[in-house]
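Remarks on the overall topology
So the chains spell out like this:
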Amino acid sequence: MRISLTSISIDDYDKALQFYTEVMGFLKKRDIPLGDGVRWITVVSPEDPDGVELLLEPNANYPAMKALKEDLVRDGIPYTAFFVDDVQQEYERLRGLGVEFTMEPTNFGMTTAAILHDPCGNLIQIYEMNAA
């Protein structure tokens, strides 16, 4: 068994696709129209284009998802996390692009992490593994 697809809750396809490609740096892998304005859009890491796909899931306005996201944000809990080689460098790059952070790079011993807002109401953690 392996992970090939995961998802992030979004409220607007174009806004999410622009953020996750132009700001976060992922590559669009699939954009399949499914009818009635519904699309299957995935992005991937440019470092692993055949790896795990991130589905931009248009479910942000469903009551259960809306409540979950509001609770996660209120409690400061990221919806998901992305590995980076250098958190400080990525933090500075993203801040330069106007991304808002709720937590600056913070050393937690084995990892250093920062938490940012995406434009769809999610908190996203970026992290690196620290040398042992």
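Attention in this report is confined to the structure presented alongside it. Bear in mind that the values here come from a model prediction, so they are computed numbers and not experimental data.

**Some details on the side chain of Thr 42**
Within the secondary structure, Thr 42 is located in strand β3 (residues 38-44). With relative accessibility at 0%, the residue Thr 42 sits in the buried group. Separated by 2.7 Å, the side chains of Thr 42 and Glu 53 make a polar contact. If sequence neighbours within four positions are ignored, Thr 42 has contacts with Leu 5, Leu 27, Lys 28, Lys 29, Arg 30, Glu 53, Leu 54 and Leu 55.

**Quick word on helix α3 (residues 87-96)**
Note on helix geometry: an α-helix contains 3.6 residues per turn, so any two residues three or four positions apart are oriented the same way. Among all positions of α3, only Val 87, Glu 90, Tyr 91 and Leu 94 are buried. All buried residues of α3 lie within an arc of 105° about the axis, which places them on one face of the element. Away from its buried face, by an angle of more than 90 degrees, α3 presents the exposed residues Gln 89 and Gly 96. Those residues of α3 hidden inside the fold are in contact with α1 (13-23), β6 (101-107), β7 (111-117) and β8 (123-129). Sitting at the amino-terminal end of α3 is Asp 86, which places a side-chain oxygen 3.1 Å from the backbone nitrogen of Gln 88.

Calculation criteria
Position numbers for residues start from 1 in each chain and track the written sequence from start to end. Per-residue local features of the predicted model are confined to residues with pLDDT of at least 70, and side-chain atom pairs are confined, for both listing and counting, to 80 or more; whole-chain, interface and lining totals are unaffected and use all residues. Values reported for side chains reflect all heavy atoms of the structure, with hydrogen atoms and water molecules removed beforehand. Runs of E in the DSSP output that reach at least two residues are strands. Runs of H or I that reach at least four are helices, and both are numbered from the N terminus. Buried, partly exposed and exposed residues are distinguished by accessible area as a fraction of the type maximum, computed with a 1.4 Å probe on protein chains only: under 20%, between the cut-offs, and over 50%, respectively. The definition of a polar contact used here is a pair of N or O atoms within 3.5 Å, where within protein one atom must be able to donate a hydrogen and the other to accept one, and adjacent residues in sequence count solely through side-chain atom pairs. Only heavy atoms matter for contacts: two residues are in contact if any of them lie within 4.5 Å across the pair. It is the directions from the helix axis to the C-beta atoms whose arc is reported.

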